[in-house]
Amino acid sequence: MPGSAFFSRLRKAALLIAVGLALAACQDGTPKHLKPLPAKLKAKMEQLNMDPKAPVYIRSFKETSEFEVWKQRRDGTYGLLKTYEICKWSGKLGPKVKEGDRQAPEGFYTVKPGQMNPNSKYYLSFNIGFPNAYDDAWGRTGNSLMVHGACSSAGCYSMTDESAGEIYWLARDAFIGGQRAFEVHLYPFRMTAENMARHRNDPNMPFWRMLKEGNDHFEVTRKPPVVGVCDKRYVFDVDTGGAALNASAACPASMRVPEWLDAAVKQKQAKDQQIFLATAAKLDGQDQVAASKAAADAAARQASADAEAVASAPAAYTPVADPAATAANAASMAIDGVPAPEMPLPVPSPIRMTADPAADAYGPAPVEKKPSFWDKFKKRQPS
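A short tour of the structure in this document, coming up. Only a predicted model underlies this, so the values are computations on that prediction, with no experimental measurement involved.

**A look at the nonpolar core**
And then number 1: Among the nonpolar cores identified, the biggest contains 36 residues, and Phe67, Phe126 and Phe182 are the most heavily contacted of them.
And then number 2: When contributions to this core are tallied by element, the ones reaching two or more residues are helix H2 (39-47), strand S1 (56-61), strand S2 (66-72), strand S3 (78-85), strand S5 (107-111), strand S8 (146-148), helix H4 (161-176) and strand S10 (182-187).
And then number 3: When residues of this core are assigned to their parent elements, the largest contribution, eight residues, is made by H4.
And then number 4: Setting aside its immediate chain neighbours within four residues, Phe67 contacts Ile58, Arg59, Ser60, Lys82, Thr83, Tyr84, Ile86, Phe126, Val147, Met159 and Ile167.
And then number 5: Within the second largest apolar cluster, 27 residues are counted, among which are Tyr134, Phe189, Met210 and Ala280.

**What about the sheet that holds strand S4 (residues 88-89)?**
Two strands in a sheet stick together by hydrogen bonds in their backbones, pointing the same way (parallel) or opposite ways (antiparallel).
And then number 1: In spatial order, the strands read S4-S9-S8-S7-S6; together these five strands make up an open sheet with mixed pairing. Whereas interior strands pair on both sides, the edge strands pair on one side only; in this sheet they are S4 and strand S6 (116-117).
And then number 2: Note that S6 and strand S7 (residues 125-127) share two bridges and pair antiparallel. If you follow Met116 over to S7, its bridge partner there is Phe126.

**Let's talk about the pattern of salt bridges**
And then number 1: Tallying each qualifying case throughout the model produces 20 salt bridges.
And then number 2: Between Arg140 and Asp135 there is a salt bridge; the shortest N-O distance is 3.9 Å. As far as burial versus exposure is concerned, Arg140 and Asp135 are alike and both buried.
And then number 3: Close ionic contact of Asp297 with Lys293 constitutes a salt bridge, the shortest N to O distance being 3.0 Å.

**Digging into the packing of aromatic side chains**
And then number 1: A full pass over the atoms with the stated rule returns 15 aromatic pairs.
And then number 2: Both rings, one in Tyr57 and one in Tyr78, keep their centres 6.4 Å apart while their planes meet at 85 degrees; by these two values the pair is edge-to-face. Of this pair, Tyr57 sits in strand S1 while Tyr78 is found in strand S3, placing the two residues 21 residues apart along the sequence.
And then number 3: Judged by its relative accessible area of 1%, Tyr57 falls in the buried class.
And then number 4: By relative accessible area, which is 8% here, Tyr78 ends up buried.
And then number 5: Ring centres 5.7 Å apart and planes at 15 degrees place the aromatic pair Phe61 and Tyr187 in the stacked group. Residue Phe61 is located in strand S1, and its partner Tyr187 is located in strand S10; the two are separated by 126 residues in the primary sequence.

**Here's the deal with the environment of Thr110**
And then number 1: Structurally, Thr110 can be placed in strand S5.
And then number 2: Once the C-alpha coordinates of Thr110 and His185 are considered, the two residues, 75 residues apart in sequence, prove to be 8.5 Å apart.
And then number 3: Those residues within four positions of Thr110 in sequence are excluded, and the remaining contacts are Gln115, Ile128, Gly129, Ala181, Phe182 and Glu183.
And then number 4: At a separation of 2.8 Å, a polar atom in the side chain of Thr110 contacts the side chain of Glu183.

Calculation notes
- Residues numbered from 1 in each chain as written.
- Predicted model: local features only at pLDDT ≥ 70, side-chain atom pairs only at ≥ 80, totals over all residues.
- Heavy atoms only, no water.
- Core = buried A, V, L, I, M, F, W, Y, C linked by side-chain atoms within 4.5 Å.
- Buried < 20%, exposed > 50% of the residue type's maximum accessible area, 1.4 Å probe, protein only.
- Helix = DSSP H or I, 4+ residues; strand = E, 2+ residues; numbered from the N terminus.
- Contact = heavy atoms within 4.5 Å.
- Pairing = 2+ DSSP bridges.
- Salt bridge = Lys/Arg side-chain N within 4 Å of Asp/Glu carboxyl O.
- Phe/Tyr/Trp six-rings, centres within 6.5 Å; stacked < 30°, edge-to-face > 60°.
- Polar contact = N/O pair within 3.5 Å; in protein donor to acceptor, adjacent residues only side chain to side chain.

What follows is the structure, given as structure tokens:
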């Protein structure tokens, strides 16, 4: 039947699709940590004169969530291969101090092959090596701080799975090429003079100045600095004359930075200092203007609130004085006919001034009666 033939062909097609998917899955069964680098990334290495298995160097910046992978060129210097976005990092700007503070570390760390974790529950990861010698010298605590996938962080630097995979594969190929360890330098922000000026009042500034010195060495040489620790501080590219460095002890008296490098770094730092001072002065001026405006705005708001309070309050009752009572009171406060001090003199009533003064002593003046007819008639009669 035509209908039966149609369904038979449909079942065969579905079976072929299922077989094809199964074969594809088998072909793509390479463990994730062994997957090859994307062809696009390999092509970029060739453009930048980089061997696919050349050493790598990593820098990251919390403030801008950037994670840079640098790779050695065939001339020995390093070039920026790719910048990845940090999906999440926990805490705030500043170093990790103790276990449980959920703070992503800052500083200079070294990753060896044993720190790579192909079986991470967060796709792929590697341990950055916290605490290092500097952290130990300061009694800082913590463990298992990773760069990993899954975009989830609790003191770590978290990437997307795609980014974590590429970073892992780049490090893996560098180890295959003979690199024994790679550096991971973790900064709070790009260590420019302008950024240092912006954060000049942060309590972490002494620590960040030390980190900037390591960054300055890289900017001058375009090679990862050789990092050491003595006297509880980082030192860079030093020649100790064979003396060992002790993180908690004084640095060897013989310790020196090569003269040419020391001069180049100091020259860069002198230029940065000029920019720092100019930027700090500008920011201080802006802060003063902002503070003055904030104070003026606060005063205006207070004045407006006071005026509103006065307007909304009930009016106070003021009694109206009786002029007569006022005069009487003034008179009663006189002493022996002399008004009390600062009291007004009594004023005579204008009505009383029109009366006969004699009325005051003898009563009202008699009113003269006009003679009547009989009164006149009586006067004519003889007595």
